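Reading the structure
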Amino acid sequence: MEAIILKPKNKQDMKFLMELAKKTGIPAAKMSLTDFEDIALVELMKKERTGKTVSEATILKKLK
């Protein structure tokens, strides 16, 4: 399934888009930037999954 992400400029545009989705029967939900980043991180983790165990030190070294 694919999705469209829209970023309204203001609260009025957000309200309009949410009402439009409701009237057309399209499921819609508000999402914070943090929520979006979390979803993107999970998808990246799924894509890069190797099944191998890695130490915390190795992960922290890569993050630095």
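These numbers were taken from a predicted model, which means no experiment stands behind them.

Mapping Lys61 onto the fold places it in helix H3 (residues 56-63). Note on Lys61: relative accessible area 68%, which makes it exposed. Remark: the alpha-carbon pair of Lys61 and Met31, spanning 30 residues in sequence, is separated by 31 Å.

Right, let's get into the pattern of salt bridges. The full count for this structure, using the stated rule, is 1 salt bridge. For the salt bridge of Lys46 with Glu43, the shortest nitrogen-to-oxygen distance reads 3.6 Å. With Lys46 and Glu43 both in helix H2 (residues 33-48) and 3 residues apart, the pair spans about one turn of that helix. Note on Lys46: relative accessible area 48%, which makes it partly exposed.

So, how was this worked out
Residues numbered from 1 in each chain as written. Predicted model: local features only at pLDDT ≥ 70, side-chain atom pairs only at ≥ 80, totals over all residues. Heavy atoms only, no water. Helix = DSSP H or I, 4+ residues; strand = E, 2+ residues; numbered from the N terminus. Buried < 20%, exposed > 50% of the residue type's maximum accessible area, 1.4 Å probe, protein only. Salt bridge = Lys/Arg side-chain N within 4 Å of Asp/Glu carboxyl O.

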